[in-house]
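Analysis of the macromolecular model
Below, each chain spelled out in residue letters.
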Amino acid sequence: MRQTRGVAGQQLKALSKDIERAGYYPAIVSDVVHVALAGEEVVSHLVHAETVFDRSEVRRHLTTLVLTATRLIIAHVDDVPAEHPEMPPAAAATTESVPLKQIKAVGITHGIADPAQYRPGSAAAEITLAISWGAVSRVDLEPAVCPDPDCDVDHGYTGSIMPDDVVVRVSEAAEGQAALNAAVQFATALSHATADARQ
């Protein structure tokens, strides 16, 4: 990635280092993030790798979140199974750029392992960061319940629509304390940036 001077250069260098450390097609990730940045300076970032076990397949996924002064850039890189067994697997890299003013909500769930022993300033055991700007929603449906226990009429379904644009979960047990600290720092920077963007 192109280097710049001062704090912005340090942020870009840290982003590049974290992409390399994740070890999942770092050259691809760096290139697609660089294109999405389009020369804008990095304010904060979070690189999160995860492995998904799907029946007999093991698939890798990397989410890179980059905060600039005006945008949130989201990069996803995924394994794509080969069409034929003799062919090597492929990868798909997708980026999305969201203006900070369009972000509707930043949800941060702190998972506390032993709440009775929690002291001010203690670290959480895990952090779930949910960012919504209205691009994707999840519909959760369940059968409607009737208060009459003798009723056998089909009352249809009831449900809720939940925003589900980006959700990243970082656990101290799985990824380590440094990764958890990075997630907290990014969530704090994003919360601050979106609050400023709404003013």
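A short tour of the structure in this document, coming up. (Residues numbered from 1 in each chain as written. Predicted model: local features only at pLDDT ≥ 70, side-chain atom pairs only at ≥ 80, totals over all residues. Heavy atoms only, no water.)

We now examine the nonpolar core. Counting residues in each nonpolar core, the largest one holds 23 residues, and the members touching the most others are L65, L72, L100, I131, F186 and L190. Within the residue set of this core, elements represented by two or more residues are β2 (57-67), β3 (71-80), β6 (126-132), β9 (166-171) and α4 (177-198). Sorting elements by how many residues they give to this core places α4 first, with seven residues. If sequence neighbours within four positions are ignored, I131 has contacts with L65, L72, I103, A105, D165, V166 and L190. In terms of nonpolar packing, the next biggest core, distinct from the first, is built from 16 residues, L12, Y24, V32 and V42 among them. (Core = buried A, V, L, I, M, F, W, Y, C linked by side-chain atoms within 4.5 Å. Buried < 20%, exposed > 50% of the residue type's maximum accessible area, 1.4 Å probe, protein only. Helix = DSSP H or I, 4+ residues; strand = E, 2+ residues; numbered from the N terminus. Contact = heavy atoms within 4.5 Å.)

We now examine the environment of K13. Within the secondary structure layout, K13 lies in helix α1 (residues 6-22). Since its relative accessible area comes to 56%, K13 is described here as exposed. The spacing of K13 and V42 is 29 residues in sequence and 9.6 Å in space, taken between C-alpha atoms.

What follows covers helix α2 (residues 26-37). End to end, α2 covers 16 Å across 12 residues, agreeing with the expected 16 Å (1.5 Å per residue, within 8%). For α2, the full list of buried residues reads P26, V29, S30, V32, V33, A36 and L37. (Expected span 1.5 Å × (residues − 1).)

What follows is about the layout of surface pockets. Of the voids in this model, the largest pocket is the one considered here, and its volume is about 470 Å³. Lining the largest pocket are 17 residues, and of these D18, R21, V47, A179 and A182 sit closest to its centre. Elements with a minimum of two residues in the lining of the largest pocket: α1, β1 (44-54) and α4. By residue number, the principal contributor to the lining of the largest pocket is β1, which donates six residues. Counted by class, the lining of the largest pocket contains nine nonpolar, five polar and three charged residues. Of the volumes computed, that of the second largest pocket is approximately 190 Å³. Taken together, H48, E50, H61, T63, H76, D165, V166, V167, V168, R169 and E175 form the lining of the second largest pocket. When residues of the lining of the second largest pocket are traced back to their parent elements, those giving at least two are β1, β2 and β9. Ranked by the residues each element gives to the lining of the second largest pocket, the list is headed by β9, at four residues. The class makeup of the residues in the lining of the second largest pocket is three nonpolar, four polar and four charged. (1 Å grid on protein atoms, 1.4 Å probe; cavity = no way out; pocket = protein on both sides within 12 Å on 5 of 7 lines; lining within 4 Å. Points joined across faces, edges and corners; volume = space filled by probe spheres on them. Nonpolar A, V, L, I, M, F, W, Y, C, P; charged D, E, K, R; others polar.)

Read these as layout, nothing more, since geometry by itself doesn't imply function.
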